[in-house]
Amino acid sequence: MQDARRTRKRERNPDLIPAHVAIIMDGNGRWAKARGLPRAAGHRAGVEALRRTVRAAGDLGIDWLTVYAFSSENWSRPRSEISDLMGLLRLFLRRDLAEIHQNGVRVRMIGDREGLEPDIRSMVDEAENLTMNNAAMNLVIAFNYGSRHEIIRAARTIAQAAAAGTLDPEEITPESFVSFLDTARIPDPDLVIRTSGEQRLSNFLLWQTAYSELHFEPCYWPDFNAERLAEAVRTYAARDRRFGGVAARDVAL
Ligand code: FPP
């Protein structure tokens, strides 16, 4: 039976649960290699982990979940692997969209759509249109995404508007700049999780993570689950976020 609670927005304690969690899903290839399997098997297991994580994030009351599924640098991988990853996105959008929609999840994609096959572009449009009024949770899929590229595309649009005289350069501020990014109207991540033990951002949301808390999880992405997400959230809850200021308790000292 459909769990009706899932379609409602969970009440979130903002001190304990981050509003926005962004995940670098790393380690599919190493997970497969450790089992003597082809890399494609690691990516397939990665989709399973993604399904689990979307459900677990909803259960925790997380409002936004962004996942890095294909970077603009991933085009340098072998053609067969690129084709596997494109196939998995197609499959995910075809097979999982109904459940995602039933659970009240709104889907969005960030990244450069121009470089994607037309059928993928229309599947993404369809998923965004179908789910646009959902409010239980937001799933943002970063696909053909690279942060430097995103910032350059924004800068180019701004430069064109300034050259055309429709934008005064004096009016460009951090607040107005964000409206030109793919993540316009998406809050900055509170917590970034990277699996597989690697400790870097790899061109993921460089502008948006200026004040994000970072959590590096040793397990490979296909082994990620609800308990590991809950553990990452617990470490987040123990952090002291100052955003460049001082903690409230230290102000009088
Ligand atoms: C990094 O592991 C993972 C990726 C480049 C792809 C992430 C994709 C998925 C989890 C599945 C696809 C999901 C959708 C929605 C299409 P890696 O291959 O770099 O692993 P390695 O560092 O161990 O080689």
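Quick caveat: nothing in here was measured; it's all calculated off a predicted structure.

K.L.:
So what's going on with the confidence of the model for the protein chain? Which residues, and what values?
P.N.:
Mean pLDDT for the protein chain: 94, with 94% of residues reaching 70 or above. The low-confidence segment residues 1–5 (pLDDT under 50) makes four contacts with residues lying over four places distant or belonging to another chain.

K.L.:
Hey, could you go over the nonpolar core for me, with residue numbers and the actual values?
P.N.:
With 44 residues, the main nonpolar core has Ile23, Leu65 and Leu139 as its most contacted residues. Sort the elements by how many residues they give to this core and helix H3 (residues 79–95) lands first, with seven residues. Setting aside chain neighbours within four positions, we find Leu65 in contact with His20, Val21, Ile23, Thr53, Val54, Ala57, Met137, Asn138, Leu139 and Val140. Within the second largest apolar cluster, 12 residues are counted, among which are Ile24, Trp64, Ile110 and Leu205.

K.L.:
Residue-level account of the pairing of strand S1 (residues 20–24), with values.
P.N.:
Taken across its five residues, S1 has five buried, putting it largely inside the fold. Of the two faces of S1, the one carrying His20, Ala22 and Ile24 and the one carrying Val21 and Ile23 are both buried. Where S1 and strand S2 (residues 64–71) come together, five bridges link them in parallel fashion. Directly across from Ile24, in S2, lies its bridge partner Tyr68. As paired elements, S1 and strand S5 (residues 191–195) share four bridges and run parallel to each other. Considered in S5, the bridge of Ile23 is made with Ile193.

K.L.:
Which residues make up the pairing of S2, and what values do they have?
P.N.:
Burial runs high along S2: seven of the eight residues are buried. As paired elements, S2 and strand S4 (residues 137–145) share seven bridges and run parallel to each other. Paired with Trp64 across the two strands is Asn138, which belongs to S4.

K.L.:
Any chance you could break down the packing of helix H2 (residues 39–60) against H3 for me, citing the residues and the numbers?
P.N.:
If you want to describe how two helices pack, look at the angle between their axes and the distance between the axes. Running from amino to carboxyl end, H2 crosses H3 at an angle of 25°, the nearest separation of the two axes being 10 Å. For the element pair H2 / H3, the angle class is roughly parallel. Crossing hand, H2 versus H3: right-handed. Of the residues in H3, those touching H2 at Arg39, Ala40, His43, Arg44, Val47, Leu50 and Arg51 are Glu81, Asp84, Leu85, Leu88 and Phe92.

K.L.:
Explain the site of the ligand residue by residue, including any values.
P.N.:
In the vicinity of the ligand, 18 residues are found, and the nearest of them are Met25, Gly29, Arg30, Arg39 and Arg77. A distance of 3.3 Å separates an oxygen atom of the ligand from a polar backbone atom of Gly27. Gly29 places a main-chain nitrogen or oxygen 3.0 Å from an oxygen atom of the ligand. Considering the ligand on its own, with 620 Å² of exposed area, one finds that the protein chains cover 92% of that surface. Those elements that provide at least two residues to the shell around the ligand are helix H1 (28–34), H2 and H3. The element best represented in the shell around the ligand is H2, accounting for five residues. Grouping the amino acids of the shell around the ligand by side-chain chemistry returns eight nonpolar, six polar and four charged.

K.L.:
Describe the packing of aromatic side chains, with residues and values.
P.N.:
Under the counting rule described, the total for this entry stands at eight aromatic pairs. Summarising the aromatic geometry, the rings of Tyr145 and Phe204 are spaced 6.3 Å apart at their centres and angled 90° between planes, so their arrangement reads as edge-to-face. Placement of the pair is Tyr145 in strand S4 and Phe204 in the loop between S5 and strand S6 (213–217), with a sequence separation of 59 residues. The exposure class assigned to Tyr145 is buried, which follows from its relative accessible area of 0%. With a relative accessible area of 0%, Phe204 lands in the buried category. Look at Tyr211 and Phe243: their rings are 5.8 Å apart centre to centre, the planes differ by 50°, and that puts the pair in the tilted class. On the criterion of sequence distance, the pair formed by Tyr211 in the loop between S5 and S6 and Phe243 in the segment after helix H8 (226–237) is long-range, its members being 32 residues apart. Here a set of aromatic residues connected by ring pairs shows up, and it is made of Tyr68, Tyr145 and Phe204.

K.L.:
For the sheet that holds S5, give the residues involved together with the corresponding values.
P.N.:
Strand order in the open sheet formed by six strands is S3-S4-S2-S1-S5-S6, and the pairing between neighbours is parallel. Two strands lie at the open edges of the sheet, namely strand S3 (105–110) and S6, each paired on one side alone. Between one strand axis and the next, the sheet turns by 20° as a mean value, whatever way the strands run. The strands touched by H3 are S2 and S4; relative to S4, the strand with the most contacts, the crossing angle is about 155°.

Cut-offs used in this document
- Residues numbered from 1 in each chain as written.
- Predicted model: local features only at pLDDT ≥ 70, side-chain atom pairs only at ≥ 80, totals over all residues.
- Heavy atoms only, no water.
- pLDDT = per-residue confidence, 0-100.
- Contact = heavy atoms within 4.5 Å.
- Core = buried A, V, L, I, M, F, W, Y, C linked by side-chain atoms within 4.5 Å.
- Buried < 20%, exposed > 50% of the residue type's maximum accessible area, 1.4 Å probe, protein only.
- Helix = DSSP H or I, 4+ residues; strand = E, 2+ residues; numbered from the N terminus.
- Pairing = 2+ DSSP bridges.
- Axes fitted to C-alpha atoms, helices over the stretch in contact; angles between N-to-C directions.
- Parallel < 35°, antiparallel > 145°, perpendicular 65-115°, else oblique.
- Left-handed = near helix turned anticlockwise from the far one by under 90°.
- Near = heavy atom within 4 Å.
- Polar contact = N/O pair within 3.5 Å; in protein donor to acceptor, adjacent residues only side chain to side chain.
- Areas by Shrake-Rupley, 256 points an atom, 1.4 Å probe, with all protein chains shown as cover.
- Nonpolar A, V, L, I, M, F, W, Y, C, P; charged D, E, K, R; others polar.
- Phe/Tyr/Trp six-rings, centres within 6.5 Å; stacked < 30°, edge-to-face > 60°.

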